[in-house]
Amino acid sequence: MVIEVICAPWSVGLRPGPGGTEPGAWQAPGALVDAGLAERLGAVDVTRLPHPPYSVEPTSGTRIQNGLTVREHALRLADTVAGALTAGHRPLVLGGDCSILLGCLAGARRQHHVGLIHVDGHTDFAHSGDQNPTELGTAAGMGLALATGRGELLLTHWPDTGTPLVTDDEVVQVGDRTGRPAPMRVIGIEELLASGIDATARTVLKHLAGAPRLWLHLDLDVLDGTVLPAVDSPGSPGLTFAQLTDLLTALWRTGRIAGLDVTIYDPGQAHLPAIADCLVEGLT
């Protein structure tokens, strides 16, 4: 099955940077494609979705930063992902921030009943129940909670699939370094490093044995901050590029991965080759 690259260049799920500036993660898809990633993967096509407008102001009807924009563009991404799967392609969605997961799952669910492998240095399980009522929440930090049906209907209820996009028992979270409780199976970074890559991959696949197809979410902040500091929330401990490549290989070669999204890289030329090499080696 050939890969179709989909660029989802948005940072609307993240808090603003200094002075109310838009975070730079939206630039990652273009940087990776311009560096030749699609050609190296033998991608059949590259689809570039538009860059959504970023606002620091509250939006009527939601307490989530850019909530209406996130939904609008998630639905557009869902159409694109569903189209790729209908064509018999494996979508590789390049983000952008972690809120692209919602559009990916919404699109994949139109074609398959999928489980979710959530590889991320954080559980992304904040939700409206945790939110300070005087502050805006961010969809990127709520991604896994929203995907499992927790939070505002704006970002939990989707055409053709309803709520949730995945149930708790259809998710394995891999790589969390925060220790934040979550109701799904979590393989924290310490457990991952102690067990090793192959054993972890087997555990993930066994837990999700009931789901014939799987969506793989990869937040690059699962890498150790000393290896890749150019992410929204770098930290330690984390994986090396070699370990991440091995994990991708172990999961991708099963043939069960319907598609993959890659998020949260804030481009810097010094890191582009290592990220591209990791993806190419892991997916081919």
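Residues numbered from 1 in each chain as written. Predicted model: local features only at pLDDT ≥ 70, side-chain atom pairs only at ≥ 80, totals over all residues. Heavy atoms only, no water.

The name recorded for the protein in an unreviewed UniProt entry is Arginase family protein, from Dactylosporangium vinaceum.

Help me understand the overall build of the protein in this model?
When helices and strands are counted, the protein shows nine helices and eight strands. At 17 Å, the protein has a C-alpha radius of gyration in line with the 19 Å of a compact globule built from 284 residues. With the C-alpha coordinates aligned to their principal axes, the bounding extent of the protein is approximately 45 × 40 × 40 Å. Out of the 284 residues belonging to the protein, those deemed buried represent 58%. Across the protein, contacts joining residues at least 24 apart in sequence account for 74% of those joining residues at least 6 apart. A total of about 10500 Å² of accessible surface is found on the protein, and carbon and sulfur atoms cover 52% of it. Measuring between centres, the 18 positive side-chain charges of the protein sit 7 Å from its 31 negative side-chain charges. (Helix = DSSP H or I, 4+ residues; strand = E, 2+ residues; numbered from the N terminus. Rg over C-alpha atoms; globule rule 2.2 N^0.38 Å. Buried < 20%, exposed > 50% of the residue type's maximum accessible area, 1.4 Å probe, protein only. Contact = heavy atoms within 4.5 Å. Areas by Shrake-Rupley, 256 points an atom, 1.4 Å probe, with all protein chains shown as cover. Lys, Arg positive; Asp, Glu negative; His and termini not counted. Charge placed at Lys NZ, Arg CZ, Asp CG, Glu CD.)

Is there a simple way to think about the nonpolar core in this case?
Buried together is how nonpolar side chains tend to be arranged in soluble globular proteins. Within the largest apolar cluster, 58 residues are counted, with the highest numbers of intra-cluster contacts made by L92, I117, L218, L220, L228, L239 and L244. Every residue in contact with L220, bar those within four places of it in the chain, is listed here: L228, V231, L244, V262, T263, I264, Y265 and I275. Counting 40 residues, the second-largest nonpolar core is a separate cluster that includes V93, W158, L165 and V166. (Core = buried A, V, L, I, M, F, W, Y, C linked by side-chain atoms within 4.5 Å.)

Help me out: how do you make sense of the sheet that holds strand β5 (residues 171–174) in this one?
Pairing between the strands of a sheet comes from backbone hydrogen bonds, and it takes one of two forms, parallel or antiparallel. A sheet is described by the order of its strands in space; here eight strands give the open sequence β2-β1-β3-β8-β7-β4-β5-β6, paired in parallel fashion. Looking at strand neighbours, the two that pair on one side only are β2 (45–48) and β6 (185–187), the edges of this open sheet. This sheet shows a mean twist of 15° between the axes of neighbouring strands, independent of strand direction. Note: strand β4 (residues 114–119) against strand β7 (residues 213–219), six bridges, orientation parallel. The residue of β7 that forms the bridge with V114 is R213. (Pairing = 2+ DSSP bridges. Axes fitted to C-alpha atoms, helices over the stretch in contact; angles between N-to-C directions.)

I would appreciate a short explanation of the packing of helix α3 (residues 67–86) against helix α4 (residues 100–108) in the present structure.
Two elements in contact, α3 and α4, have axes separated by 7 Å at closest approach and are oriented at 45°. In terms of orientation, α3 and α4 fall into the oblique class. For the crossing formed where α3 meets α4, the hand is right-handed. In this structure, α3 contributes A74, L77, A78, V81, A82 and L85 to the contact, and α4 contributes I100, G103, C104, A106, G107 and A108. Taken together, the residues that form the contact of α3 with α4 break down as ten nonpolar, two polar and no charged. (Parallel < 35°, antiparallel > 145°, perpendicular 65-115°, else oblique. Left-handed = near helix turned anticlockwise from the far one by under 90°. Nonpolar A, V, L, I, M, F, W, Y, C, P; charged D, E, K, R; others polar.)

Please explain the packing of aromatic side chains as it appears in this structure.
For the coordinates displayed, the defined rule picks out zero aromatic pairs. Just above the ring of W158 sits the side chain of R71; from NZ or CZ to the centre is 4.7 Å. (Phe/Tyr/Trp six-rings, centres within 6.5 Å; stacked < 30°, edge-to-face > 60°. Lys NZ or Arg CZ within 6 Å of the ring centre and 35° of its normal.)

Teacher, can you tell me more about helix α8 (residues 241–252) here?
An α-helical segment advances 3.6 residues per turn. Residues three or four places apart therefore align on the same side. Here α8 contains twelve residues, and its C-alpha end-to-end distance of 16 Å stays within 8% of the 16 Å for a straight helix at 1.5 Å per residue. Among all positions of α8, only F241, L244, T245, L247, L248, A250, L251 and W252 are buried. (Expected span 1.5 Å × (residues − 1).)

Would you explain the environment of P267 in this entry?
You can see P267 is positioned in the loop between β8 (257–263) and α9 (272–283). Between the C-alpha atoms of P267 and A28, which are 239 residues apart in sequence, the distance is 5.4 Å. Sequence-distant contacts of P267, defined by excluding residues within four places in its chain, comprise G24, Q27, A28 and A31.

Help me understand unusual backbone geometry in this model?
Residue P164 is reached from T163 by a cis peptide bond, and omega for that bond is -5°. Positive phi, normally seen in glycine, also occurs at D124, with a value near 50°. Structurally, D124 can be placed in the loop between β4 and α5 (143–147). For I264, which is not glycine, the phi torsion reads 80° and is therefore positive. Tracing the backbone through its elements, the reader meets I264 in the loop between β8 and α9.

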